[in-house]
Amino acid sequence: MEYSNSSNTEQPQTCLEITMEVHRVVPPPHKSTIHKLKTTLKETFFPDDPLRQFKGQPTGKKWILAAQYIFPILQWGPHYSLGLFKSDIVAGLTIASLAIPQGISYAKLANLPPIVGLSCLFHTGLDSSFVPPLVYAVLGSSRDLAVGPVSIASLILGSMLRQEVSPVSDPVLFLQLAFTTTFFAGLFQASLGFLRLGFIIDFLSKATLIGFMAGAAIIVSLQQLKSLLGITHFTTKMGLVPVLSSVFHNTEEWSWQTILMGFCFLVFLLVARHVSMKRPKLFWVSAGAPLVSVILSTLLVFAFKAQHHGISIIGKLQEGLNPPSWNMLQFRGSHLGLSIKTGLVTGIISLTEGIAVGRTFAALKNYKVDGNKEMMAIGLMNMVGSSTSCYITTGAFSRSAVNHNAGAKSAVSNIVMSITVMVTLLFLMPLFQYTPNVVLGAIIVSAVVGLIDIPAACQIWKIDKFDFIVMLCAFFGVIFISVQDGLAMAVGMSIFKILLQITRPKTVMLGNIPGTDIFRDLHHYKESMKIPGFLILSIEAPINFANSTYLNERILRWIEEYEAEDHKKQSSLQFLVLVMSAVSAIDTSGVSIFKELKKTVEKKGAELVLVNPLGEVMEKLQKSDEAGDFMRPDCLFLTVGEAVATLTATIKSQVSNHVV
């Protein structure tokens, strides 16, 4: 823009005293409907433009790039070296020491046999071995993700299935439903990645996840009171009230030996975790603490025959590799709906955790994780796992953190871990016979304590109070109602917030900052001033059927308030200026607003002016303005400054001619 010099140096210039070059508003270039649809679909489903790497490449190179895109192992595999393998061996053995006791513990949390928890770390079927870890190693794009069962998915699976099927009275059916649920969870996860619908999991906002994880951590911890106190008759419900009621109504079953052992090992595990958090180089302290706890407690029970003195033990475990389980998948019957529903919920939660963990460590090592690839890798891993005696698995934060700190260089660390667990299944399972349940409970509590993120909750309170309410809904919903209902409440509140933002878009009145052609919110910038005769409003959202009625009513109220205020000053409204820089889209209902506003404003003797309508918006307004009423060149401007200066000059010119 060009501004003319002014000889008036005594007073600061206002926008009205500036002569500026007015730029014409140019309509957008014509695009066919097919081109528009193609662009929209591309931005919706392919925002990362995965095909850009194939542009300008010869045919042979394209095939290689395609294979590397589908199988990331082909990217890093050819460059894999013995030095990297040494690092992966150390990392794999380290996470195995953590994964073995966690696998047994999480299986009990899901009301499944302990050996199933280890099978999730090592899968077998006919002539194949460690299939799901191999699937992830081939298809996954994260170098640090350590796959296996996780506490939250275990809790949800166990609690949802237990509502209709008892794991005690009908263990075979319960196991069948667990495997079927895992299949549907994997199918849903892989479908999201294949169809590139990963944005669906974005509806689980950070506030929702923080509240949900904290509530689930408390519920998981409370469930361990059965093991930590030695209670035999314990409630099957998950809520806070029934759990505490069961605890205090069965005080005669409390075992002081169990309480003492549980307290000692829980303190040991929490101290080890604290040490590793304070000094990351000592990560092995926290990683090895669960296995050390299992070994020590097992030796104590065996030496003192503690199973005869009130301390319950796991008992004899099946030795050897689990058989294939595809014949246990149930795709018919009355419980099919339960399996699908449970698979959907557990699939979303585990997928969200896995991708979040993968992206976190990728950012630390400065490499990228493809969300859609991760969805397909995790989904296929669970689909294969469901037929090889495994329930739902994903990338766990605790194991992945240990894997990262142990120096893992690739997904080979997962294979090393699974081989270690295979050896345990084949030769070492009898050693776990005397492992006390109280130590497994302590391991679970120490693992889920990290899910309670108080600093993040405080930050949410400072930033967004509505998000804090969403977080509380998830937290209290999980604690007092159920895990799935608490999650549903939080997601519902988040969607309600989005609907509020869509149906009640923000509009602000703009004023001129003296000495400039800049216009800003009058309530934000106190030095900004109203321009007599002008009502300048900024619409800060797309206009559609959901908010068109509200916007029309809100703009009319702005006009009424302006007239009521300026009536005292004996001035009238001459121009309604709508700033549309933030209006990225509009539909037919939105277009009708401008026609109605045009008629309303003209009845009041004023004129409607549009500032900076964007390409798509301007195109639709032009197509609807057959009579050329509100898309005239003298009613369209690129900036508010140009609009005010031009219209003010026009008014002065008309007044001068009238006087003459």
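If you check an unreviewed UniProt entry, the protein chain appears there as STAS domain-containing protein from Gossypium darwinii.

Draft legend 1. Focus on the pairing of strand 9 (residues 607-611). Burial analysis of strand 9 places four of its five residues in the buried class, which makes it a mostly covered element. Pairing between strand 8 (residues 575-579) and strand 9: five bridges, direction parallel. Across the sheet, the residue bridging to Leu 576 is Leu 608, located in strand 9. A crossover connection joins strand 8 to the parallel strand 9 through helix 23 (residues 588-603); in handedness this β-α-β unit is right-handed.

Draft legend 2. Region of interest: the packing of helix 7 (residues 151-162) against helix 14 (residues 336-365). At a minimum axis distance of 9 Å, the contact between helix 7 and helix 14 shows a crossing angle of 165 degrees. Taken together, helix 7 and helix 14 sit at an angle that is classed as roughly antiparallel. Note on packing geometry: the crossing formed by helix 7 with helix 14 is right-handed. Of helix 14, the residues touching helix 7 (which contributes Ile 152, Ala 153, Ile 156, Leu 157, Met 160 and Leu 161) are Leu 338, Lys 341, Thr 342, Val 345, Thr 346, Ile 349 and Ser 350. Looking at the contact of helix 7 with helix 14 residue by residue, the classes come out as nine nonpolar, three polar and one charged.

Draft legend 3. The pairing of strand 7 (residues 534-539), seen in detail. Counting buried positions along strand 7 yields six of six residues, so the element is predominantly enclosed. Alternating positions in strand 7 separate into two faces, Phe 534, Ile 536 and Ser 538 on one and Leu 535, Leu 537 and Ile 539 on the other, with burial throughout. Summarising the sheet, strand 7 and strand 8 pair through five bridges and their orientation is parallel. By the bridge assignment, Leu 537 is partnered in strand 8 with Leu 578.

Criteria and cut-off values
Residues numbered from 1 in each chain as written. Predicted model: local features only at pLDDT ≥ 70, side-chain atom pairs only at ≥ 80, totals over all residues. Heavy atoms only, no water. Buried < 20%, exposed > 50% of the residue type's maximum accessible area, 1.4 Å probe, protein only. Helix = DSSP H or I, 4+ residues; strand = E, 2+ residues; numbered from the N terminus. Pairing = 2+ DSSP bridges. Right-handed = clockwise from strand over helix to strand, strands pointing away. Axes fitted to C-alpha atoms, helices over the stretch in contact; angles between N-to-C directions. Parallel < 35°, antiparallel > 145°, perpendicular 65-115°, else oblique. Left-handed = near helix turned anticlockwise from the far one by under 90°. Contact = heavy atoms within 4.5 Å. Nonpolar A, V, L, I, M, F, W, Y, C, P; charged D, E, K, R; others polar.

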